[in-house]
Amino acid sequence: MSRDRDDAPSDPPVRRPDTVAPGRVKEVTSVSNPIVKDIRNLALKKHREETGLFLAEGLKLVLDALDAGWRIETLIAAKTQLHTELLQKAAARTVALGADVLEASDKVLAAVARRDNPQSAIGVFRQRLHRTDQIDLGRDGLLVALDRVRDPGNLGTILRTADAAGAKGVVLIGESVDPFSLEAVRATMGSIFAVPIVRMREEEFLRWRSTFKGLVVGTHMKGAVDFREPAYGKRPTAIVMGNEQSGLTEALAGACETLVRIPQVGRADSLNLAVATGLMIFEARRGSLKL
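Since this is a predicted model, take the numbers as computed values, not measurements.

K.L.:
Lay out the overall build of the protein chain with the relevant residues and their values.
P.N.:
Scanning the protein chain from N- to C-terminus turns up ten helices and 13 strands. For a compact globule of 291 residues, the expected C-alpha radius of gyration is about 19 Å, and the protein chain comes in at 21 Å, within 12% of that figure. Seen through its C-alpha atoms, the protein chain measures out along the principal axes to roughly 65 × 40 × 40 Å. Within the protein chain, the proportion of its 291 residues that are buried is 51%. Long-range pairs, those at least 24 residues apart, make up 78% of the contacts in the protein chain between residues at least 6 apart in sequence. With the model as given, the accessible surface of the protein chain reaches about 14400 Å², and the carbon-plus-sulfur share is 50%. Here the protein chain contributes 42 positively and 37 negatively charged side chains, and the mean placements of these two sets differ by 2 Å.

Have a look at this one:
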């Protein structure tokens, strides 16, 4: 295992797919280090799109990603905590996979995480998206489709809920928040590595819908059916949830076989998107969930 100092010539954090040699261990103490600058730029959507990379902060998220087979490019590890067994194992796995380990100062970790109390590990991973034809819904599987979801916390919570309930995938329709933003990844608590994500334009989703033989249920203020009434679980199901502010577009609402509403009796005029989606997911999966 080779080790480099902070003042050695710097290579970009992206490694070529054909790399098979063990990775390197490099100590970094300066936020002006070119590698650190490149990694910090992953906070920007433009840089994530250009590189195809994203950040996962926290040892649990790093280990979840490694266990799920996601490709790691660089591990930034807190030098002051490298004596802990789990962090040592994560570093060893990273090097064995041909990726680099940066033994970082607390200052560098805080700069990358963009907060004062960062966790002990931050992984740089390659993004992974799916197509709808790669998701097997089987006889009664559930697909969650989100129309222009904008809040990273909502998206992260929905992905976590979809994972917990055994949904087969989440489709992001139109101009949605980036699921690989640091905030969204944090909110998933690791479920981003377990739930397939599909990104589609509205017209692409409508084409897919025209060939889908399962049940398509959308939530809508004009819905006349209680959300608990559709025959979920009798065939593959897609639930379609609208934008936080404007709900479903007319085209998406028109593509639904059934439009439903969640009954409310209080003064609130609407539910948070993540809460409403959670209710829909667990209702749709009710027949398949046992203690």
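K.L.:
Explain the packing of aromatic side chains to me, using residue names and the numbers behind them.
P.N.:
With the rule as written, the count across this model stands at nine aromatic pairs. Seen from their ring centres, F54 and F180 are 4.8 Å apart, and the 45° between their planes marks the pair as tilted. In this pair, F54 is assigned in strand 3 (residues 53–57) and F180 in the loop between strand 8 (169–173) and helix 7 (182–188), connecting sequence segments 126 residues apart. Accessibility assignment for this pair places F54 and F180 in one class, buried. Ring-pair connections join several aromatic residues into one group, and the members of that group are F54, W70, F125, F180 and F193.

K.L.:
Describe in detail unusual backbone geometry, supporting the description with residues and values.
P.N.:
Phi angles above zero are rare outside glycine, and R114 is one such case at about 60°. Tracing the sequence through the fold places R114 in the loop between helix 5 (106–113) and strand 6 (121–126). Of the residues examined, R114 reaches a relative accessible area of 46% and is grouped as partly exposed. Of note, M189 is a non-glycine position whose phi angle comes to about 55°, a positive value. By the element assignment, M189 lies in the loop between helix 7 and strand 9 (197–200).

K.L.:
Hey, could you go over the environment of A268 for me, with residue numbers and the actual values?
P.N.:
Mapped onto the fold, A268 is located in the loop between strand 13 (258–261) and helix 10 (273–284). A268 gets classed as exposed once you look at its relative accessible area, which sits at 51%. C-alpha separation for the pair A268 and M221, spaced 47 residues apart in sequence, amounts to 14 Å.

K.L.:
How would you sum up the pattern of salt bridges? Please name residues and give values.
P.N.:
For side chains of opposite charge, pairing can occur when their charged atoms come near one another. A complete count under the given rule lists 18 salt bridges for this structure. Where salt bridges share partners, they join E57, R115 and R186 into one cluster.

K.L.:
Help me get a handle on helix 10, residues and values and all.
P.N.:
Residues spaced three or four apart along an α-helix face the same direction, because each turn holds 3.6 residues. For helix 10, built from twelve residues, the straight-helix expectation of 16 Å at 1.5 Å per residue is met to within 8% by its first-to-last C-alpha distance of 16 Å. For helix 10, the tally of buried residues reaches nine of twelve residues, placing the bulk of the element in the interior. Restricting attention to buried positions, one finds in helix 10 the residues L273, A274, A276, T277, G278, M280, I281, E283 and A284. Where helix 10 is buried, its residues meet strand 7 (142–147), helix 6 (152–165), strand 10 (215–219), strand 12 (237–241) and strand 13. Measuring from the backbone nitrogen of A274 back to the side-chain oxygen at the start of helix 10 gives 2.8 Å, which picks out N272 as the cap.

K.L.:
Go over the nonpolar core with me, naming the residues and quoting the values.
P.N.:
Ranked by internal contacts, the top residues of the largest apolar core, which has 55 residues, are L75, F125, V144, L146, V170, F193 and M280. Residues in contact with V170, not counting those within four places in the same chain, are L143, V144, L146, L159, A162, V195, P196, I197 and V198.

Cut-offs and rules
- Residues numbered from 1 in each chain as written.
- Predicted model: local features only at pLDDT ≥ 70, side-chain atom pairs only at ≥ 80, totals over all residues.
- Heavy atoms only, no water.
- Helix = DSSP H or I, 4+ residues; strand = E, 2+ residues; numbered from the N terminus.
- Rg over C-alpha atoms; globule rule 2.2 N^0.38 Å.
- Buried < 20%, exposed > 50% of the residue type's maximum accessible area, 1.4 Å probe, protein only.
- Contact = heavy atoms within 4.5 Å.
- Areas by Shrake-Rupley, 256 points an atom, 1.4 Å probe, with all protein chains shown as cover.
- Lys, Arg positive; Asp, Glu negative; His and termini not counted.
- Charge placed at Lys NZ, Arg CZ, Asp CG, Glu CD.
- Phe/Tyr/Trp six-rings, centres within 6.5 Å; stacked < 30°, edge-to-face > 60°.
- Salt bridge = Lys/Arg side-chain N within 4 Å of Asp/Glu carboxyl O.
- Expected span 1.5 Å × (residues − 1).
- Polar contact = N/O pair within 3.5 Å; in protein donor to acceptor, adjacent residues only side chain to side chain.
- Core = buried A, V, L, I, M, F, W, Y, C linked by side-chain atoms within 4.5 Å.

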